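Summary of the model geometry
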Amino acid sequence: MKQIARNPELLKILPHDDILQQCMHCGLCLATCPTYDLTKMERSSPRGRIFMIKSVARGEMELSETFAEEMNFCLDCQACETACPAGVKYGRMVETARVVIDEVGYGGKFGIAVKRFALRKIVASRNTLKFFSRLLWLYQKTGLQKFIRSIGLLKLFSKNLFEIEKLSPVIADKFSDKQIKEVELPYGEVKYKTAFHFGCLMNTMFADINSDTIEVLKECGCKIITPKDQVCCGSLMGHNGDMDFALKLARKNIDAFDKHDYDYLISNSAGCGAFMKDYAHLLDGVPDYAEKAKRFSSKVKDVMEFFDEQKPALIFSSVISKESSTEKSVLKEPKKISLQTRWVQNDIPEKNQAVTYHDACHLLHAQKVGTQPRDVIKSLPGIKYTELEEASWCCGSAGIYNVVRYDDALTQLERKMNNIRNTNAKVVLTGNPGCMGQIKYGTQKFNVDVEVIHPITLIRRMISHK
Amino acid sequence: MTDSAKQKLKSIVGSSNYFDSYEDRMVYSYDGTPTLHQMPEAVVFPTDEQQISDIIKLANEDKFAVVPRGAGTGLSGGSVPVENSIVIVMTKWNKILEVDDKNLTAWVQPGVITGALQKEVEKLGLFYPPDPGSLNVCTIGGNVANNAGGLRGLKYGVTKNYVLGVEMILPNGDLLKTGGKNMKDVAGYNLRDFIVGSEGTLGVITKVLLKLIPKPSQTITLLAYFDKLTDSAQSVSDIIAAHITPCMMEFLDNTTINCIEDYAKIGLPRNSEAILLLEVDGRGSAVAEDAETMKNILKKNNASFIKVATTEEESNKLKTARRTAFSALARKKPTTILEDATVPRSELPVMIEKVTEAARVFDVMIGNFGHAGDGNLHPTCLTDERDKKEIEKAHRAFDFIFNEAIKLGGTITGEHGTGLSKKHFLEKLAGIPGIEMMKKIKASIDENNILNPGKIFTISPKCEGSLPINREQIKDFA
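Residues numbered from 1 in each chain as written. Chains lettered and ligands numbered in written order. Predicted model: local features only at pLDDT ≥ 70, side-chain atom pairs only at ≥ 80, totals over all residues.

Brief notes about the overall build of chain A
A tally of regular secondary structure across chain A gives 27 helices and 11 strands. Among the 466 residues that make up chain A, the fraction classed as buried is 47%. (Helix = DSSP H or I, 4+ residues; strand = E, 2+ residues; numbered from the N terminus. Buried ≥ 20, exposed ≤ 12 C-beta atoms within 10 Å, placed from the backbone.)

Written out as structure tokens, the structure is:
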């Protein structure tokens, strides 16, 4: 039994009484919690977890396996924060609790060390991530992947490893940080001064989405600065018990962007956007950085949020058809398109494209961006939009949750895929690389015939001339 | 509770349904009621009727208390454990067993979530009206045990109006089946209605037969702002007097408006002293006519702004925001003590003034909102349970409010139940003969006083052990 008394310093970082007291245990969060829905047990609910954190923080309860298990079972999707009328900041509590659990060593020192190494040394370092991604790319391109999958080699080690390997995203042929120039100028006059954070996963695994984002922004009259010295946003580390390292990255990013003149910092990755919007809070009171962080965070916009607010001019040159939607989007030589002063619909749709939208937790719950992407999508010509049942229910991706808790994540994914199947949509739109990877995996695992793309990719396809 | 009793309990439900770690007991030490906590000795999730019966028989032998629990959203402490008790959690009993569209009934397990049932039957063009604020979380079993109300109570009534039959395990372990699909049934005592609202003191509900009605085809939602509190109350009286029965007439005062707006950000008027949220439903042209009459009455009573919700989405947004009122008030202060005083609706304007007076005289912050149409107010004291002086002032304010409600011919609780938090006022309301009858019934059914003891009233001289309440230390309002 690990005694609290041995870790008095650690307990200090747990939320203090005023924050904990804000939860008045009404239970309205229970309905939105994916883990409570599975177990129907109070300890797997936000209310139960807050009570446990409160007891540990007050020294009434000792840290235990049960406590650690429930904190890690939580997806940290923060649906409960959206549901909470009292404004309890649950996500922050759970993340702090995870720091304590990791420090004390629940979950095994080795596991924590591996997780920390992977996040600190691989994800956070762009070159290392690119190196590993290139290895993965080779693995995928050389036919080794096909071979290993066909003989089921990984099954020998564990069934989960065999499944998790399939979760590994398809690596892009070219990484986007090499393709995107530090300063990109719009086609036409400069209407918006923007900056761009290219993310880690977006850069290596979803590089096309970054190219699509840049292209569409250029069409809208955005000058885009993409500082080469930007780093990973730190979100995966912050959410997984390594806040120190996350804040180091935050400071690096703030310094990298602060040198430039821009009004909006565009992010196309919900997790990164959410975390960067949180810098202001996380660095509050830190000398030299508090002010800069506030300025930085206030400029961060999800790309759909930016579109909905600014309603930039775009001409849609083609209405998407079944054929073009399955064609792989590649960065083409841009063609000049004249800009209008508002959304213009110059094509009458011949065939409606059936789409639906899945809320990324870090977009809806963490950033409260929910209506904006829907409004943008619905305003596109030739779109038949169907609302997804339980659109705001977590898909199970949840950062690295689908890797570290494969079975629990799969249960959530199955539910998501059934809902997607019921919409009869051919395209699922979502604004986060994690969700995209997870739902793509779900299309194979549960045999659902849909394409999973970022909304920006849909827009790119509609404006680019064939 | 002895270790051997715990072992027996474990063998009844199986080790995967038995929990007694500190963590598991702690997370069942509360429900939705502020300031009440007590750890149970163990928590069990029985999987069939026989297990519940065996647990209850064991409780009689080994003398421990049994507290049934649904989602734990109650507001009177009904599912807060007592000393030497175990908690029976029914949340996994969540199947809709049958929807009979010939008889318009539904058999459900007690753990079915109220909102989920509504969604399911509405797909078939049917309607289950009771809609407590926590409808997306709370369970039918808990609704029946507390005779839960909701926003639509004015026109459609409360849970008891929709319960046709109940099955439950009695305090001696027997299975009671009462009621059925008959719309008329006068055979013997009306046990069914007696069970509704018994707050888990008479048995553990295992199955419920509910009445459904056809879903109204038309709904119009109105929102009206007022600069004066009394104008809003007068509007309510005038609408009732005009023989219109809206399905909903919700009242919110300025404090509540601001807290909800902080949370929901739907553009409520922060400066208005009160708003009314009204809804009429039904079929045909009568709905629009009623809405028009209501609009005129609101205008006549100086409503500063009247809005008609144009889409279902907009109307749902307003209603959802209203349902969060209680929790949203926690934005101001960490502890929100919500009460449930109800008066005949003609007395509503007086009662609203009395609540304002209580806040002034006892120097406490009170947000007031509620179901104006049926006289059911939810004055909510915004305080901090760590500040003992504040809490005492709050209790004094509520003593005053309850006394005034009783004087006006009202009641101490309209829909939350007596539980622990209001049992001290029950005698004043029910009178000695009333409370004696309740106690005799309880004692004859539950000889050893094992089922949710200490709730509603205290049975003396049998000692229930210490209860999770500190009210005893507070002197009654003179």
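Notes on the nonpolar core
Formed by 243 residues in total, the largest nonpolar core has its most connected members in Val44, Val66, Ile88, Leu210, Ile275 and Ala397 of chain B. No other element matches the seven residues that helix α14 (residues 388-407) of chain B contributes to this core. Viewed by domain, this core spans two of them, domain 1 (4-107) and domain 2 (308-463) of chain A, each represented by three or more residues. Look past the residues within four positions of Leu210 of chain B in its chain and what remains in contact with it is Thr105, Ala106, Val108, Tyr128, Tyr162, Val163 and Leu164 of chain B. (Core = buried A, V, L, I, M, F, W, Y, C linked by C-beta atoms within 7 Å. Domains from an automatic or database assignment. Contact = placed C-beta atoms within 7 Å.)

Here we look at the packing of helix α17 (residues 243-258) of chain A against helix α19 (residues 290-299) of chain A
All names here are of chain A. Look at α17 against α19: their axes get within 10 Å of each other, and the N-to-C directions meet at 70°. Between α17 and α19, the interaxial angle falls into the category roughly perpendicular. On α19, the residues that touch Ile254, Phe257 and Asp258 of α17 are Lys292, Ala293 and Phe296. For the contact of α17 with α19, a count of residues per class yields four nonpolar, no polar and two charged. (Axes fitted to C-alpha atoms, helices over the stretch in contact; angles between N-to-C directions. Parallel < 35°, antiparallel > 145°, perpendicular 65-115°, else oblique. Nonpolar A, V, L, I, M, F, W, Y, C, P; charged D, E, K, R; others polar.)

Comments concerning the packing of helix α20 (residues 303-310) of chain A against helix α23 (residues 371-378) of chain A
All names here are of chain A. Where α20 contacts α23, the axes come no closer than 8 Å and their chain directions differ by 65°. With respect to α23, the element α20 is oriented roughly perpendicular. The element α20 and its partner α23 pack so that their crossing is left-handed. Between α20 and α23, the residues in contact are Met304, Glu305, Phe307 and Asp308 and Gln372, Pro373, Asp375 and Val376, respectively. When the residues that make up the contact of α20 with α23 are grouped by side-chain class, the tally is four nonpolar, one polar and three charged. (Left-handed = near helix turned anticlockwise from the far one by under 90°.)

Focus on the pairing of strand β14 (residues 274-282) of chain B
Residues and elements named next belong to chain B. Counting buried residues along β14, eight of its nine residues qualify, which places the element largely inside the surrounding structure. Pairing between strand β12 (residues 218-226) and β14: nine bridges, direction antiparallel. By the bridge assignment, Phe226 is partnered in β14 with Ala274. Alignment of strand β13 (residues 248-253) against β14, held across six bridges, turns out to be antiparallel. Considered in β14, the bridge of Glu250 is made with Leu277. (Pairing = 2+ DSSP bridges.)

Here we look at the interface of chain A and chain B
On the side of chain B, 28 residues touch chain A, which itself brings 23 residues to the contact. Listing elements by their share of the side of chain A that touches chain B, those giving two or more residues are α4 (46-57) and α5 (65-73) of chain A. It is α4 of chain A that contributes the most residues to the side of chain A that touches chain B, four residues altogether. Taken together, the residues of the side of chain A that touches chain B sort by class into 11 nonpolar, nine polar and three charged.

Describing the sheet that holds strand β4 (residues 85-89) of chain B
All names here are of chain B. Pairing is mixed in the open sheet, where four strands are placed in the order β1-β2-β4-β3. The outermost strands of the open sheet, each flanked by one partner alone, are β1 (18-19) and β3 (65-69). Strand contacts of helix α1 (residues 3-13): β1, β2 (42-44) and β4, with the helix running at about 15° to β2, the strand carrying the most contacts. Each of β2, β3 and β4 is contacted by helix α3 (residues 49-62), which is oriented at about 150° to β3, the strand it contacts most.

Here's the deal with the confidence of the model for chain A
Residue and element names in this part refer to chain A. Per-residue pLDDT for chain A has a mean of 81; in total, 74% of the residues score no lower than 70. With pLDDT under 50 throughout, residues 1-5 is counted as low confidence; its partners more than four residues away or in other chains account for eight contacts. When the criterion is pLDDT under 50, residues 319-350 qualifies, and its contacts beyond four places in sequence or with other chains add up to 57 contacts. (pLDDT = per-residue confidence, 0-100.)

Let's talk about the domain arrangement of chain A
Residue and element names in this part refer to chain A. Assigned domains of chain A: these are domain 1 (4-107) and domain 2 (308-463). Facing the 10 residues of domain 1 at the interface are 12 residues of domain 2. Secondary structure elements with two or more residues in the side of domain 1 that touches domain 2: α3 (34-39) and α6 (79-83). Its residues assigned to classes, the side of domain 1 that touches domain 2 comprises six nonpolar, two polar and two charged.

Concerning the confidence of the model for chain B
Residues and elements named next belong to chain B. Per-residue confidence for chain B gives a mean pLDDT of 92; residues scoring 70 or more make up 96%. Throughout residues 471-478 the model reports pLDDT below 50, and contacts reaching past four residues in sequence, or to other chains, amount to nine contacts. Prediction confidence for the complex, expressed as pTM and ipTM, is 0.86 and 0.91 respectively.

With respect to helix α11 (residues 312-323) of chain B
In an α-helix, one turn spans 3.6 residues, which is why side chains three or four residues apart end up on the same side. The end-to-end C-alpha distance of α11 of chain B is 16 Å, a good match for the 16 Å that 12 residues give at a rise of 1.5 Å each. Every buried residue belonging to α11 of chain B is among Leu318, Ala321, Arg322 and Arg323 of chain B, and all of these are buried. (Expected span 1.5 Å × (residues − 1).)

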